[in-house]
Structures are given as structure tokens and as C-alpha cells.
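Chain residues, written in single-letter form:
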Amino acid sequence: NKGASVARNVGLMNATGEYIVFLDSDDIIPDGFLRNIKNKITECGNPDILMYGYGSKYTSMTLDRVLSGKMDLELKKNNLIFAILGEYSGFLPYDVGTIWAKLIKRSVIDEHSIRFPVGVIRGQDTVFMLYVYYYCESVSFVPTIGYYYRKNDQSISHRYNSQIVSMDENLFSKYEAFLKDRGFDSCTVMSNIRVKALLGEYFDKTELKYTKYTNIYLNEEASNELLLNSGWHADADTLNRVTFYDG
């Protein structure tokens, strides 16, 4: 087992269809959905990407998520790219940064040799989608549920991992390379990403302290590493409001 990125890349190398659709092993595509969506592809003008809604399946309930708003205005490549990076509020990063609930034209992937980053443990989808959005020429959306994502608290993105900082820095380095190579303002964006990771993911957003809800532990040294890499300097009052736990 060489990881999700390697497995997906092997699948891409062997794919032959006009469109690529991804399905994780514990998720579900409704019966007949792919057969029925073929007509929508034509109706939407054969876009490079066709997005659709998804449902999140919990133990006791299912929550459906269908994008809304002025989709024709918002489905622009820069909007989608910066939504993944948390710099555009029109979409949640989770909605546009995942590979599922989308049909992606294989020619876009093959012509630009887009592959999943090997060695990235968390967030491989987002790196892949950054390049897909950058090279695509058209994106459409149909307001129907075509994917069910099963919430798994033991997945790598949900469970505690003592290497969380190095894992995130590995991912962030891919973001930074993408931005720099394409002439985007990487300094500002990456600084914001690292600060949001520290104060948003690792700490409670109100109290700025460790919370078991995130299932993620950071000590003061690890947190300072993120701040240092971001180039962000907190004032004394902000640092005094951050409570660090050593175990």
C-alpha cells in the first residue's frame, strides 16, 4: 500500500473515459446517477468540470449540501482556486477542494500531466484540484445529489496525529509552489493559511485554546513553528490569550 495518491495516479494512467469520477472506498454514488448525469453533461455544453451536490452520512442522519447563489458568476477559476485556499468566501474550501461530487474531463488532466502529490498525507485532493481549476476552461453545476460521503472519525483528516505540523507544512509547501509558479501573491496567502490553521483548526476559535473537539494536539513549540513559518507576529495581548497544553 503506497497511499491514496499513488493509487489514484495509477487509476488516472489507466483511465479511458471522457470524464473522470472519483469514489472513495467507504462512500456511495446513488444507483443510476452516472447514467442519468450523462444528459446533463450535454445540456451544460460539455464543460471541463461538472459539479453536483453531495450528502454527508453520519451515524444517525444524512445532511445534503447543494451549492447555491449566482453560480454562473462565481464558478470562475480564480474564485475556485482561492476558495480552496480560504481566500474567497463564495464557497467553502470543502465544497470545491475535494475530488468527489465532480466530473472532470480527462483531457484536462492528461494534457497538463496533473497528478496527485505523492508523499502528502493530508489534503492531496486540494493540491490536485488547484491545478485542475487552473487549467480548466469551463465549470458547470447541476443542483442534484450525486455523492454520499461517510464521516469517519478515524480517517487521517479527523484523528489525532503528533506529526500534524509537519504534515500541514508538507501540504502548504505544495500550495506555495503552485502560487509562486503562477505569479500569485504567495506571501500574503500563505501567511493567512498558516495563521488560520493555528488559530482555526488547532485552537477553539473563540477561546484560542486547545479543544478536544478537534482531536488535534499542539504544544507551544509546534505552534510557534507555524507562526514563524507564516511570518506573522502576534502582539502580546493575542499571545497571552492563547493557552498551550503540554499533555
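In this report, we go over the structure that sits alongside the text. Just so you know, these numbers come straight off a predicted model, no measurement behind them.

### Some details on the packing of helix α7 (residues 124-135) against helix α8 (residues 164-181)
- Orientation of α7 relative to α8, taken along the N-to-C sense of each, is 15°, at an axis distance of 10 Å. The pairing of α7 with α8 is recorded here as roughly parallel in orientation. Considering the relative orientation of α7 and α8, their crossing is right-handed. Of the residues in α8, those touching α7 at Thr-126, Val-127, Leu-130, Tyr-131 and Tyr-134 are Leu-171, Lys-174, Tyr-175 and Phe-178.
- For the contact of α7 with α8, the class distribution of residues is seven nonpolar, one polar and one charged.

### Structural notes on the side chain of Asp-125
- Mapped onto the elements of the fold, Asp-125 is located in helix α7.
- Here Asp-125 falls in the buried class, since its relative accessible area comes to 13%.
- Aside from chain neighbours lying at most four places away, what touches Asp-125 is Arg-8, Gly-97, Thr-98, Ile-99 and Phe-116.

### Let's talk about the packing of aromatic side chains
- Scanning all chains against the criterion turns up 17 aromatic pairs.
- Plain terms: the ring middles of Phe-33 and Tyr-52 are 4.7 Å apart, the flat faces sit at 55° to each other, and that makes the pair tilted. Taken together, the positions of Phe-33 in helix α2 (residues 33-43) and Tyr-52 in strand β2 (residues 49-57) put the pair 19 residues apart, joining distant regions of the chain.
- Of the residues examined, Tyr-52 reaches a relative accessible area of 3% and is grouped as buried.
- An angle of 65° between the planes, with centres 6.5 Å apart, marks the rings of Tyr-54 and Tyr-94 as edge-to-face. Highlighted residues: Tyr-54 in strand β2 and Tyr-94 in helix α5 (residues 93-97), separated in sequence by 40 residues.
- Three or more aromatic residues link up through ring pairs in this structure, and these residues are Phe-82, Tyr-131, Tyr-134, Tyr-135, Phe-178 and Phe-184.
- One residue, Arg-8, lies across the ring of Phe-116, its end atom 5.2 Å from the ring centre.
- Geometry around Tyr-134 places Lys-77 over its ring, the cationic atom sitting 5.6 Å from the centre.

Cut-offs used in this document
Residues numbered from 1 in each chain as written. Predicted model: local features only at pLDDT ≥ 70, side-chain atom pairs only at ≥ 80, totals over all residues. Heavy atoms only, no water. Axes fitted to C-alpha atoms, helices over the stretch in contact; angles between N-to-C directions. Helix = DSSP H or I, 4+ residues; strand = E, 2+ residues; numbered from the N terminus. Parallel < 35°, antiparallel > 145°, perpendicular 65-115°, else oblique. Left-handed = near helix turned anticlockwise from the far one by under 90°. Contact = heavy atoms within 4.5 Å. Nonpolar A, V, L, I, M, F, W, Y, C, P; charged D, E, K, R; others polar. Buried < 20%, exposed > 50% of the residue type's maximum accessible area, 1.4 Å probe, protein only. Phe/Tyr/Trp six-rings, centres within 6.5 Å; stacked < 30°, edge-to-face > 60°. Lys NZ or Arg CZ within 6 Å of the ring centre and 35° of its normal.

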